There are 4 protein chains.
Amino acid sequence: MSVPTDVKKVVLSYSGGLDTSIILKWLQTELNAEVVTFTADLGQGDELEPARRTAEMLGIKEIYIEDVREEFIADFVFPMFRANAAYEGVYLLGTSIARPLISKRLIEIAKETGADAIAHGATGKGNDQVRFELAAYALNPDIKIIAPWRDWSFKSRTDLIEFAEKYQIPIPKDKRGEAPFSVDANMLHSSSEGKVLEDPWEEPPAYVYQRTVSPLDAPDAATDIEIEFAAGDAIALNGERLSPATLFARLNDYGRDNGIGRLDLVENRFVGMKSRGVYETPGGTILLAAHRAMESLTLDRGAAHLKDELMPRYAELIYNGFWFSPEREMLQAAIDHSQKDVEGKVRLKLYKGNVIVTGRESDKSLYSDQLVTFEDDQGAYDQKDAAGFIKLNALRLRTLAARDK
Amino acid sequence: MSVPTDVKKVVLSYSGGLDTSIILKWLQTELNAEVVTFTADLGQGDELEPARRTAEMLGIKEIYIEDVREEFIADFVFPMFRANAAYEGVYLLGTSIARPLISKRLIEIAKETGADAIAHGATGKGNDQVRFELAAYALNPDIKIIAPWRDWSFKSRTDLIEFAEKYQIPIPKDKRGEAPFSVDANMLHSSSEGKVLEDPWEEPPAYVYQRTVSPLDAPDAATDIEIEFAAGDAIALNGERLSPATLFARLNDYGRDNGIGRLDLVENRFVGMKSRGVYETPGGTILLAAHRAMESLTLDRGAAHLKDELMPRYAELIYNGFWFSPEREMLQAAIDHSQKDVEGKVRLKLYKGNVIVTGRESDKSLYSDQLVTFEDDQGAYDQKDAAGFIKLNALRLRTLAARDK
Amino acid sequence: MSVPTDVKKVVLSYSGGLDTSIILKWLQTELNAEVVTFTADLGQGDELEPARRTAEMLGIKEIYIEDVREEFIADFVFPMFRANAAYEGVYLLGTSIARPLISKRLIEIAKETGADAIAHGATGKGNDQVRFELAAYALNPDIKIIAPWRDWSFKSRTDLIEFAEKYQIPIPKDKRGEAPFSVDANMLHSSSEGKVLEDPWEEPPAYVYQRTVSPLDAPDAATDIEIEFAAGDAIALNGERLSPATLFARLNDYGRDNGIGRLDLVENRFVGMKSRGVYETPGGTILLAAHRAMESLTLDRGAAHLKDELMPRYAELIYNGFWFSPEREMLQAAIDHSQKDVEGKVRLKLYKGNVIVTGRESDKSLYSDQLVTFEDDQGAYDQKDAAGFIKLNALRLRTLAARDK
Amino acid sequence: MSVPTDVKKVVLSYSGGLDTSIILKWLQTELNAEVVTFTADLGQGDELEPARRTAEMLGIKEIYIEDVREEFIADFVFPMFRANAAYEGVYLLGTSIARPLISKRLIEIAKETGADAIAHGATGKGNDQVRFELAAYALNPDIKIIAPWRDWSFKSRTDLIEFAEKYQIPIPKDKRGEAPFSVDANMLHSSSEGKVLEDPWEEPPAYVYQRTVSPLDAPDAATDIEIEFAAGDAIALNGERLSPATLFARLNDYGRDNGIGRLDLVENRFVGMKSRGVYETPGGTILLAAHRAMESLTLDRGAAHLKDELMPRYAELIYNGFWFSPEREMLQAAIDHSQKDVEGKVRLKLYKGNVIVTGRESDKSLYSDQLVTFEDDQGAYDQKDAAGFIKLNALRLRTLAARDK
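The name recorded for chain A in an unreviewed UniProt entry is Argininosuccinate synthase, from Hoeflea prorocentri. Looking at chain A in UniProt, the text filed under Catalytic activity (unreviewed entry) is "L-citrulline + L-aspartate + ATP = 2-(N(omega)-L-arginino)succinate + AMP + diphosphate + H(+)". Quoted verbatim from the Subcellular location (unreviewed entry) field of the UniProt record, the comment on chain A reads "Cytoplasm".

So, in C-alpha cells, the structure goes:
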C-alpha cells in the first residue's frame, strides 16, 4: 500500500454521503488518523446539515461546512468565462473548475487545524484525482495526500457495504447496489457518467438529466433576457444588479426551464482514456453566448483572435488540473488585460435549447456603422486604400507564383 | 483612376443581375475591353439560364456557365470541415470558402480565352475583394484585376440606374432603389448584411432569413438522422451513399426544415472594421456537430488537441483570403493527416434549431469501456499508475511552491 | 498626390542630415506647412547639436532635441528582451523597437505644439513607414501623416540634390551620389542594407560593419563578465548597479571589442518582399544569452515553454509595427507576469564572437541537485513514480496501436 | 517489485559496457529470462565487436549488432532539422532523437525472435526511460518493458560491483567507482551530466568535453564550406554529393576542429526537475545555421512564420518522447510540405566557435533585388500601395484610439 503510513491528521473533502463516510471511517480505523471534515456548498443542490450530523455521529470534532458559492463564481467561474473556455470545442469545464477551490480550502484548513494530510474521494481512473492533487501540491508542496479509492483493498461494492455495516455507517437504500451512473454537481453544471452511459452509441436515458428539462418539453414561448457586463463579467440581469452567484443562479433557472445546456460528449481524459459523459450547464451556456456577443462589439480584432488562439490551451490546463500553475496565470493575465472594456448589454432569446443573441450595445463599442455602411460614409473609409492593402498582402504570393511558373 | 488602362480582354464573374450587368457594360464602354462572362452554380439557388440570355443580349461571345457544386463541396467545403473551422468561434465561413473556387475558374478561363484581366463585383469595403484578388494573384502573378466598385466614378444608386438606362440594361423593379440588405449565397450558406441590419442592437427582421424556418416555426416533432464518415468526410446519409453535393443538399433540407444554423453576428473584417451579418448555414451546422462527434470517438487526444489549437489560425486564413497560400496548405497537410481513421456513424436528433448528438460508433473507435468502467476492468488500467503520474506532473509545481514559501 | 493638402503644422522626425533637411524644406515650400523638428538621441552615435544648427538655419522655430536613451532601454528594449524576442529565429529587432518610441514623442509634441500632422523620412518599400504610422495612428487616430518618400515627385538622387541646392541646404560631399548602403542605428543595434548588399550570395564587405570588430580581429584572450538580474531586467554589471542605458552601453562596448552580435540575414518584410540586411547587436546578443540563462534557473517549465511558444508571434508583432496594439499588450502582460522571480547572476565568457554561459545562480533557483543527483537523494524523488507516469502517458498511444493492429 | 514476473524472453538494448552487462545478467538470473542483445552503431564512436564478445561470454545466443547510422540521420535527424527544432531555444535534441530509433529496432527484433519484453538501461530520474517506453508502447501496445534501474534492489555502486563480481562480469578499472559524470553519445551529439556538473554556477571542467576542441584552441584561420540542399535536406558538401551519414560525419569533423556546438545548459526534464547538461553538437550546429539560411531565401513568409510558431511544440514532443505520436506526425506533415523548394547552396565560414553565413543562392529563390532595390525598380513595386496597406492595417487601431479618447 502506497498510502502515507505516518499521517496524523487529515482534512477530508466530505459530502456526507455513503462513500465519503466510508472513507472517513477508513481513515480513522486503518490509518489511525484524526479526521477533519470539509463540506462545501458549491451550489450542488444538496442540503449540508445532514453532512454535519453524520460527521458528528462518526465522531468528528472539527467540522467545516461552508457556503463558497460566491467565491466559486467570482474567482473561478467568471475568470474562466472571460476566456470563453471550452474543452475539446464544447465542454464548459464544470467539474474541472470546482476542484481547485476545494483543494485550496482543504490546504487552508489543514494549516488552521494543524493537519498534515488531506484526503479526497475521487477514483484512480478519472481526472478529478489529478485536479485535487495538483492544486494541493501547488499550494503546499509538503502536504500528504490520501486517495483511498486508489489505495484501499476493497475490491467490490459488497466489500464497501460490509465495511459500512461493520462501523454502523448509515446506508441509504438506493446505495446498496451499484449506481446506474455517477454524478458530480455544482452551481456551474452537473455531470453524469458511467454504466448506463458507457455505450456511446446509446442515447442517454431521460432519467440521467438532473437540472434541465428536455428541449422537447420546454415552453412553446420564447423568453427574452438582458445581461449586463462590466470588465468581462456579468453584473446585472434584466436591469437588476446582482452578486455573481445570485446572477448565476438566475441564469441556471432560465436555462433549466428552456432546455438549455445539455451535452452528450465523448472526451479525452488527462489520464489517457476516452470517456463518455452527459453534462448540463444551463446558466453557463447562456453566459458563454452572451459574453462572446459582448466581446464581438467591444474587443479589438487583434485581442479577440489572440484570445481564440490561446483558449484551447487555457481550457486544457484547467481540464488537466493546472489551475494553480504559472502558465495558467500567465494566460489569465493576458486574458484579463483584454477585458477592461468588455462592458455593455446583450439581449438574448431563450427557446427550447436555443440561446439566440438578438442585440448588443455598449458605450465602448468599436462597431461603426459609418465605416461599414453601403451608403455615403463621409470619408470615414477610402475604398482606394483597399487596392494597396491587397497589393501588398499579395506581393509574397505573387513572388511565389512567379517562381513556380 | 487606378484601373489598368491597357486591358484588352476581361473575364468577369457574372451573376446575370443588374449590378454585374452594369459592370459588364462599364468594362465594354469605359475600358474598351472585350468581356468573357463566368457564371457559376455554387448552389446559390438562382437559375443560370437568364444570365446567359442577358449576357448574350449585352453582346458577349464567350459565355461560361458551369455547375461547380460537386467541386465546391468536395474540394473546398469538406477539407475545411475536416478542420472544424469556425471564425471567431462561430462563423462557418460560407462566403469565404467560395471565393477561391471562383477565382480559380476565372484564372483558368482567362488562360483558355487569352484574357489578360479578370473582374469581380465586390465592393471596396468588404472581405470579398481581398479573397478574390489574393486567390487570383496566387494563381497568376501577372493577371490584371479590375474591381469596378473601387474604381468607377459612380457616386450613388441613381448614377448606376442612369448608366443602366443609357445602355438599355434590363432593370428589375425592385432594384431601382437601395436594397434593404445585401445577400450572398451558395450551397454552404446565405449571408445577409447592410442597411436594416446595421444597428447591432436591433433584432434582424424575419424577412431577412432566406433558407431556414425560424426555430419557433419548426416542426414539433424531432427528426433523427444518421451520417456516415470516411477519412473525415461525410459519405452517406441514413444509410444511402451520396455524392458530396447531393449529401450536402439533403443536410440543407433537414436544417432548413428544423430551423438550424441561423447566426446573428458582429464580426471583424480583414479590412479593419466590424460588421454585422446574419448567416444561415443549415447543413453545415449539422455537419460540424456530426464531424466533431465522429472525431471524438476516433481521434487520439494529441491529434484532437493540436487540431483545436491550429483551428483559429486556419479559419482566419480562409476568412482573410489566404486559401491558396503555403501556410494554409501546411495546416491542411497536418489536418488531413489526422483524418485517415475518422470513419463510422453519427446519429443526430434535429429539433427546432438544436443539433443533438445521440450516438456515435466506429470500427476505428478509440473508446474502450473496459478502460473506463467503474467495474472490474480485468487489469486494463492500474489505478496505482495514477499516483506516479500525478506525482511527476506535480513535481515542478511542488518545487515552485517550496521556493515561494 | 495623396498627401494631405490641408496641413498647417507638421512635427518632423529630423536627423539633421541631408535627406531629412530636404524633407523639411519640401514641407515648408510644397505644403506651406510650419515645421517643428524632433531629434532624438537613441544612442545612434551622432552628435545632435549640428541638427539644431541646421534646423535653425532652415528657419525652424520649435526645435525638440532630446536624449531618450534611458526611456528607450527601460520601456522598450528591456520589456522586449523579457520575451527573448527574435524575429525569424535570429533578428533582435533593433530598428523595429525604436520606431514606436519616436512616434510616441512625435504625437506628444504635436499635441504640445498644436500641430495637426507628423512626417517621417522612411521610404515606401520598407517596414519603417508601417511602424511609424501604425504607432502614430494608435496614439492619435486623427493625426495626419506625411511620408514624403512615398509622395513627392522627385525621381532620382539628382532631383533631390537640385532641390537642396535651390534652397541652399548644405550638402556633404559624400551625399551627392547614392550611398553604397543605408544605415539605421540606435543603442540596440545598427543595420545596413541596400546596394552593395543586394546580392545575398556575396559576403558583406568589411566596411559595412559599424560597431563591432570582426571576430577574427577580436582579442585572443577571453573576457569574463557577470550580469545581475531582477524581475527579468539587467540591473548590474560586474557587481556595479547601473541605469538601464548605462548598463546597455557597457554591454555594447564588451560586444564590440569581442566581435559579438554580427548577423547577415535575408528576412521577410511586412510589406511583402524579402530583403537582405547586416545587423550588429553587440550588447543585445550578450543580454539575450544572459537572460535565457537566468530564466533557465528560475522559470518554471510551464512558464518557460509557454513563453517559447508565444515568442514568434510577439516578435512578429513588433517587427510589423504593432507595438501599440491590444494583442502585444496582452502578450506583454503574460510575459511580465512570468518575470517576477527571474533574478540572480549569470557569468559569461566573451571570446571572438562567442557568448558562453559559464555559470548562473539565484536565490529563486528552481534547480535542485537533490532531485537530480545520481547519488542517494534521500527520498526527494521516488523512481517508482516514473513507471506510473510513463504508463498513463502511454495509455492513449497504446490504445491507438491496439486499434491499428 | 513492479517488474513483470512472467517474462520469458527479453530484447536488451546493450552497449557491451559494465552497466548493461549487469542488467543482462540480472535479467537472466533474477527474471529467469532468455536475453537477446541489440547493439546499435549510432555513431557514438565505440567499437561494437567487444560488445559481441562480452555478450557471447555471458551466454547470449541471439546477438544483434547493427550499423544504423544512415537510417538515424536520414529518417530521424534530417526530418527534425527540417523543423529547425531546438528545445528551450537552444538544445538540439541529440539524445532525444536517437531513442525512438532504438525502441523501433527493439520492437522489431522482439517480433523476429519471439520475445515478449524489451529492457533498457535508462534510470528512473531521466527523460530517456520515457522516450524508450513511449516509443515502444506506440509500436507494440502489448510489449512488456523492463527498466532495471527503476526496479532492482541494488542500492549503491558497491552492490552493483559485488553482483558483477559474483557473476564474473569483466569490470574495467575506471568503472569501480562512481563516474565523475555520465555520457550519452551518437552521431548528432554527445551529452554529459551529473556529479562534477551538478553545480550550475561552476564552469564545466575542460575534460568533460568529448568531441570538440575549445573555441580558444581552435585554428586561427577560418574555414569556408558550402552545403547544398534539396527538399530541405543537406545533400552535398563542398560540391561533393554524399550520403546523409557521410555528410553528417564530415560536418562533425569541421565542427570539432573549429570549436563549434558546445552548450552548457540548465534544462527542464519531462519528469519534472531541472538538470544541467553539457552538450556538443558540432555538425548539427552547422547544419541548423545552414538550413535556416537556405530557408531564408526559398521559403515564403507565411510558411516560415508558421514553422517558427510550431517549432517549440514540435521540439517539446521530441524531447518528451512523443516521436511516434499522431501529433508529431501531423506537425511533420506540415513541415515536410513546406520543404519542397528548400534547395540551393549556403556558404559558411567556421571560426573558433562561430558559424557565419556568408552567402546563399537558389534556383528557387524568392528574393528579388528588383523589388527591394533603392534604385528604379521598373514598376515591380508601387510605393503608393504602401499607403493603403498601412491605412487598412491601422483602421482597427484608430477605431480603438478614437473610442478610448
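Draft legend 1. Fine view of the overall build of chain A. If you tally the helices and strands in chain A, you get 13 helices and 14 strands. A principal-axis box enclosing the C-alpha atoms of chain A has dimensions of 85 × 55 × 45 Å. Counting the 405 residues in chain A, one finds 66% classified as buried. Taking the intrachain contacts of chain A between residues at least 6 apart in sequence as the baseline, contacts between residues at least 24 apart amount to 72%. Counting only carbon and sulfur atoms, one obtains 46% of the accessible surface of chain A, whose full area is about 14100 Å². Where the 49 positive side-chain charges of chain A centre and where its 65 negative ones centre are 3 Å apart.

Draft legend 2. Here's a closer look at the UniProt feature "binding site: ATP" (unreviewed entry) in chain A. Residue and element names in this part refer to chain A. Feature annotation in UniProt assigns "binding site: ATP" (unreviewed entry) to the following positions: S13, Y14, S15, G16, G17, L18, D19, T20, S21, A40 and G121. Take S15: it is sitting in the loop between strand 1 (9-13) and helix 1 (18-30). Leave out the neighbours within four places in its chain, and S15 touches T20, T39 and A51. A polar atom in the side chain of S15 sits 3.0 Å from the backbone nitrogen of G17. By secondary structure assignment, the location of S21 is in helix 1. Residue S21 is classed as buried on the basis of its relative accessible area, which comes to 1%. When residues no more than four places from it in sequence are discounted, the contact partners of S21 are Y14, G16, T54, L58 and I169. Reaching out from S21, the side chain makes a polar contact with the backbone oxygen of G17 at a distance of 2.7 Å.

Draft legend 3. Region of interest: the relation of the copies chain D and chain B. Mapping chain D onto chain B leaves a residual RMSD of 0.0 Å; the transformation is a rotation of 180° accompanied by 0.0 Å of translation along its axis. Classification of the inter-copy transformation places it as that of a two-fold axis. The rotation axis passes nearest to the C-alpha of A334 of chain D in chain D, at a distance of 2.5 Å. The fraction of interface residues of chain D whose copies in chain B are also interface residues reaches 100%, indicating that both copies meet through the same surface.

Draft legend 4. How the structure looks around the nonpolar core. F72 of chain A, F72 of chain B, F72 of chain C together with F72 of chain D are the most contacted members of the largest nonpolar core, which has 403 residues in total. Residues I22, L24, L48 and I169 of chain A belong to the second largest nonpolar core, which totals 31 residues.

Draft legend 5. Geometry of the interface of chain A and chain B. On the side of chain B, 102 residues touch chain A, which itself brings 102 residues to the contact. With both sides pooled, the region where chain A packs onto chain B buries about 9400 Å², and carbon together with sulfur makes up 57% of that total. Connecting chain A to chain B are 8 salt bridges. Summed over the shared surface of chain A and chain B, the result is 42 residue pairs in polar contact (both at pLDDT 80 or more). Among the elements that make up the side of chain A that touches chain B, the one with the highest residue count is helix 13 (residues 383-404) of chain A (15 residues). Of the residues in the side of chain A that touches chain B, the class split is 43 nonpolar, 21 polar and 38 charged.

Draft legend 6. Summary view of the relation of the copies chain A and chain B. Taken as rigid bodies, chain A and chain B are interconverted by a rotation of 180° and an axial shift of 0.0 Å, the fit giving an RMSD of 0.0 Å. Of all interface residues in chain A, 100% are interface residues in chain B too; the two copies therefore contact each other through one and the same surface.

Draft legend 7. Geometry of the sheet that holds strand 9 (residues 233-237) of chain B. Residue and element names in this part refer to chain B. Spatially, 5 strands are ordered 10-9-8-13-14 in an open sheet, and the strand pairing comes out antiparallel. Each of the sheet's edge strands pairs with one partner strand only, and the pair in question is strand 10 (240-241) and strand 14 (354-361). Sheet topology places strand 9 next to strand 10; 2 bridges connect them, and they run antiparallel. What sits directly across from L237, in strand 10, is E240. Across the face of the sheet, helix 8 (residues 244-257) comes into contact with strand 8 (223-230), strand 9, strand 10 and strand 13 (344-351) while running at roughly 70° to strand 9.

Draft legend 8. Fine view of the environment of V68 of chain B. Residue and element names in this part refer to chain B. Of note, V68 is situated in the loop between strand 3 (62-67) and helix 3 (69-82). Separated by 204 residues in sequence, V68 and G272 have C-alpha atoms that sit 31 Å apart. Not counting chain neighbours up to four residues away, the residues in contact with V68 comprise A40, D41, L42 and L101.

Draft legend 9. The arrangement of the pairing of strand 6 (residues 182-185) of chain D in detail. Across 4 bridges, the pairing between strand 6 of chain D and strand 7 (residues 190-193) of chain D is antiparallel. Within strand 7 of chain D, the residue paired with A185 of chain D across the bridge is S190 of chain D.

Draft legend 10. Highlighting the packing of aromatic side chains. Residues and elements named next belong to chain A. On inspection of all chains with the given rule, the structure shows 50 aromatic pairs over all chains. With a centroid separation of 6.0 Å and 35° between ring planes, the pair formed by F181 and Y207 is classed as tilted. Of the two residues, F181 is situated in the loop between helix 7 (157-166) and strand 6 (182-185) and Y207 in the loop between strand 7 (190-193) and strand 8 (223-230); the sequence distance between them amounts to 26 residues. According to the relative accessible area criterion, F181 is buried, its value standing at 13%.

Draft legend 11. Representation of the pattern of salt bridges within the structure. Residues and elements named next belong to chain A. Going through the model one piece at a time under the given rule, you end up with 162 salt bridges over all chains. Of the charged contacts in the structure, one is a salt bridge between K345 and E361, with a shortest N-O distance of 4.0 Å. Of this pair, K345 sits in strand 13 (residues 344-351) while E361 sits in strand 14 (residues 354-361), and the two are 16 residues apart along the sequence. Exposure remark for K345: the relative accessible area of 29% places this residue in the partly exposed category. In this structure, R403 and D404 form a salt bridge, with 3.0 Å as the shortest nitrogen-oxygen distance. R403 sits in the buried class, given a relative accessible area of 16%. Overall, the relative accessible area of 45% leaves D404 in the partly exposed class. Shared partners join several salt bridges into a network, and the residues in it are E66, E71, K104, R105, E108 and E112.

Draft legend 12. Representation of the interface of chain D and chain B. Contact residues are listed per partner, giving 23 residues for chain D and 23 residues for chain B. Interface of chain D and chain B: buried area, both sides summed, is about 2000 Å²; carbon and sulfur atoms make up 71% of it. When the area that chain D buries against chain B is broken down by residue, the three leading residues are L306, M330 and H337 of chain D, summing to 29%. Here chain D and chain B share 2 salt bridges between them. In this structure, the salt-bridge partner of E309 of chain D is R313 of chain B, at a minimum N-O distance of 2.8 Å. Remark: the boundary between chain D and chain B carries 2 residue pairs in polar contact (both at pLDDT 80 or more). Those elements that place two or more of their residues in the side of chain D that touches chain B are helix 10 (301-320), helix 11 (326-338) and helix 13 (383-404) of chain D. Of the residues forming the side of chain D that touches chain B, the biggest block, 9 residues, is contributed by helix 11 of chain D. A breakdown of the residues in the side of chain D that touches chain B according to their chemical character gives 12 nonpolar, 4 polar and 7 charged.

The rules behind these values
- Residues numbered from 1 in each chain as written.
- Chains lettered and ligands numbered in written order.
- Predicted model: local features only at pLDDT ≥ 70, side-chain atom pairs only at ≥ 80, totals over all residues.
- Heavy atoms only, no water.
- UniProt positions renumbered as here; feature names shortened; annotations may be inferred.
- Helix = DSSP H or I, 4+ residues; strand = E, 2+ residues; numbered from the N terminus.
- Buried < 20%, exposed > 50% of the residue type's maximum accessible area, 1.4 Å probe, protein only.
- Contact = heavy atoms within 4.5 Å.
- Areas by Shrake-Rupley, 256 points an atom, 1.4 Å probe, with all protein chains shown as cover.
- Lys, Arg positive; Asp, Glu negative; His and termini not counted.
- Charge placed at Lys NZ, Arg CZ, Asp CG, Glu CD.
- Polar contact = N/O pair within 3.5 Å; in protein donor to acceptor, adjacent residues only side chain to side chain.
- Least-squares fit on C-alpha atoms with pLDDT ≥ 70 in both.
- Core = buried A, V, L, I, M, F, W, Y, C linked by side-chain atoms within 4.5 Å.
- Buried area = accessible area lost by both parts, 1.4 Å probe.
- Salt bridge = Lys/Arg side-chain N within 4 Å of Asp/Glu carboxyl O.
- Nonpolar A, V, L, I, M, F, W, Y, C, P; charged D, E, K, R; others polar.
- Pairing = 2+ DSSP bridges.
- Axes fitted to C-alpha atoms, helices over the stretch in contact; angles between N-to-C directions.
- Phe/Tyr/Trp six-rings, centres within 6.5 Å; stacked < 30°, edge-to-face > 60°.

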